[in-house]
Amino acid sequence: MHIYDFTGYCQMIQDEKRTKNIADALKKFITSETIVLEIGSGTGFFTYLACKFGAKKVIAVEPNPVIRFAREAIEAHGLKDKVEFIEKNSNSIVLEEKADLLLCDLHGNLPFFETGITTIIDAGKRLLKEDAVFMPRRETVYLAVAECSEAFKSFIDQNLQALYEYSIPSARRLLTSQTLNIKGKKQKLLSAPQVFTEIDYKTIQSPDFQNKVLLKITKKSIAHGIRAWFVAEQGEGFFVDNSNDTPNATYGQPLFPFTEPVHLDKNDLVEFELNATLDNGSYIFSWNTNVFSPSGVLRKSFKQTTLAGRIIPTLNLQKHSEYFVPKLSAEAEIDRFILNSCNGQKMNGDIADLVFGKFPDKFSSFEDALARVSAVVSHSTN
């Protein structure tokens, strides 16, 4: 789960286009009978607006401790009685009354970000009324071939330069196996955009996406990758996006880089296949690129994946095998002892006494053991 600091939340609110379109959509949809569920409420800004626009009740869900500042602010504005704050992940909550409107901007530079989509799917099934309003209601993801020499130079070429005649043969594979955030970099689209996918949040069932598009080059140039962006419809006439037309979007602007820059002529064709697969809370991206001449002759071909950009210890790879025999480490044995001691009767101090007595070589004092118990308990119990 991505944890923003307070400044990060403020930057999102200061994104004028994002804030205005979400605010205007909220104002349109909220009535005096509306129960609003905001998942990822952050500092409480949109919770506050929903109250001001007349919502009957707002349920603000935010696992980040920043929710405590939101609670303080809402109380200071005299709106305490209209808001229920829940400091948990939404997939672990149950509502007494289902909500009429969902506001959920769990987003990276694309909607394929951590567990955001699965969170919306879960909310739609368990926490919302059948005719609930979704914000965003739908999103469209676009792809286009892009020239962005500035980004390629700063993120890749600069890090490939040999120092004192020393270079790393696999460095290019590592550096070009990740998406680049080219926000603030000069960029030019070399093809008309094509739709990669359209997401309808009322009907979506899976967080995984795959599609292939064919992009026709409109001008002779050097291409550095595939620019992707989203347009999120908050409601009819209200949109948030991170296209080239929105250079200051807080979300950033992603580029799927090619392994190397490619010289392209007008009417060349770029076949691009993208897979976005959710795995253990984060997305794995794989992209295959084939460049053809107008007559169909294959000129370049690249196969890339973010898996190739990860530096994973060999033991961690072995642990993913079905034949690996796991054994708890000494530290895990301590954690297991602590959790087994959580019987609904013992206090943290009682458990710390037991831990200090059982593992005297691991803790220098009762206070040291208590700190360990508190850390384990805070992440593993209600």
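Here we summarise the structure given alongside this text. Source: prediction; values computed, not measured. (Residues numbered from 1 in each chain as written. Predicted model: local features only at pLDDT ≥ 70, side-chain atom pairs only at ≥ 80, totals over all residues. Heavy atoms only, no water.)

Moving on, we get to helix 5 (residues 116–126). Considered for burial, the residues of helix 5 that qualify are G116, I117, T119, I120, I121, D122 and A123. Buried residues in helix 5 make contact with strand 1 (35–39), strand 4 (99–103), strand 5 (128–135), strand 9 (194–200), strand 10 (209–216) and strand 15 (282–292). (Buried < 20%, exposed > 50% of the residue type's maximum accessible area, 1.4 Å probe, protein only. Helix = DSSP H or I, 4+ residues; strand = E, 2+ residues; numbered from the N terminus. Contact = heavy atoms within 4.5 Å.)

This next bit is on the sheet that holds strand 15. Strand order in the open sheet formed by four strands is 10-14-15-16, and the pairing between neighbours is antiparallel. Edge positions in the open sheet fall to strand 10 and strand 16 (298–305), since each of these has one partner strand only. Taking each pair of neighbouring strands and ignoring which way they run, the sheet shows an average axis angle of 10 degrees. Pairing of strand 15 with strand 16, which is carried by seven bridges, proceeds in the antiparallel orientation. (Pairing = 2+ DSSP bridges. Axes fitted to C-alpha atoms, helices over the stretch in contact; angles between N-to-C directions.)

With that settled, consider the pattern of salt bridges. Under the criterion given, the structure shown has 16 salt bridges. Of the charged contacts in the structure, one is a salt bridge between E87 and R68, with a shortest N-O distance of 3.2 Å. With a gap of 19 residues between them, E87 in the loop between strand 3 (83–86) and strand 4 and R68 in helix 4 (residues 67–76) connect regions that are remote in the sequence. Take E87: its relative accessible area is 33%, and that puts it in the partly exposed class. The salt bridge partner of E260 is K300, with a shortest N-O separation of 2.7 Å. Placement of E260 in strand 13 (residues 254–264) and of K300 in strand 16 is noted, with a sequence separation of 40 residues between them. Salt bridges here are not isolated pairs; linked through shared partners, they connect E331, D335, K362 and R372. (Salt bridge = Lys/Arg side-chain N within 4 Å of Asp/Glu carboxyl O.)

With that settled, the discussion passes to helix 4. Among the residues making up helix 4, those that are buried are I67, A70 and I74. Viewed end-on, helix 4 has its buried residues packed into an arc of 50 degrees, placing them on one side of the element. The exposed set on the far side of helix 4, more than 90 degrees from its buried face, consists of F69, E72 and A76. Summarising the contacts, the buried residues of helix 4 are in contact with helix 3 (45–52), strand 2 (57–61) and strand 3. Once helix 4 finishes, G78 follows within two positions and takes phi at roughly 75 degrees, a positive value. (Arc of directions from axis to C-beta.)

This part is about the packing of aromatic side chains. Centre-to-centre distance and the angle between the planes together describe a pair of aromatic rings. For the structure shown, the criterion picks out 13 aromatic pairs. Ring geometry for F112 against F196: centres 6.0 Å apart, planes inclined by 80 degrees, an arrangement best described as edge-to-face. Of this pair, F112 sits in the loop between strand 4 and helix 5 while F196 sits in strand 9; the two residues are 84 residues apart in sequence, bridging distant segments of the chain. The burial state of F112 is the same as that of F196; both residues are buried. A ring pair is formed by F230 and Y251, whose centres lie 5.0 Å apart and whose planes are at 85 degrees; its orientation type is edge-to-face. Of this pair, F230 sits in strand 11 (residues 221–235) while Y251 sits in the loop between strand 12 (238–241) and strand 13, placing them 21 residues apart in sequence. (Phe/Tyr/Trp six-rings, centres within 6.5 Å; stacked < 30°, edge-to-face > 60°.)

What follows is about the environment of R299. Residue placement: R299 occurs in strand 16. Separated by 192 residues in sequence, R299 and H107 have C-alpha atoms that sit 36 Å apart. Apart from the residues within four sequence positions on either side, R299 is in contact with H263, L264, D265, D268, V291, F292 and S293.

At a minimum axis distance of 10 Å, the contact between helix 2 (residues 16–29) and helix 3 shows a crossing angle of 35 degrees. The crossing of helix 2 and helix 3 is right-handed. Residue-level contacts link R18, T19, I22, A23 and L26 of helix 2 to F45, F46 and L49 of helix 3. Of the residues belonging to the contact of helix 2 with helix 3, the class tally is six nonpolar, one polar and one charged. (Left-handed = near helix turned anticlockwise from the far one by under 90°. Nonpolar A, V, L, I, M, F, W, Y, C, P; charged D, E, K, R; others polar.)

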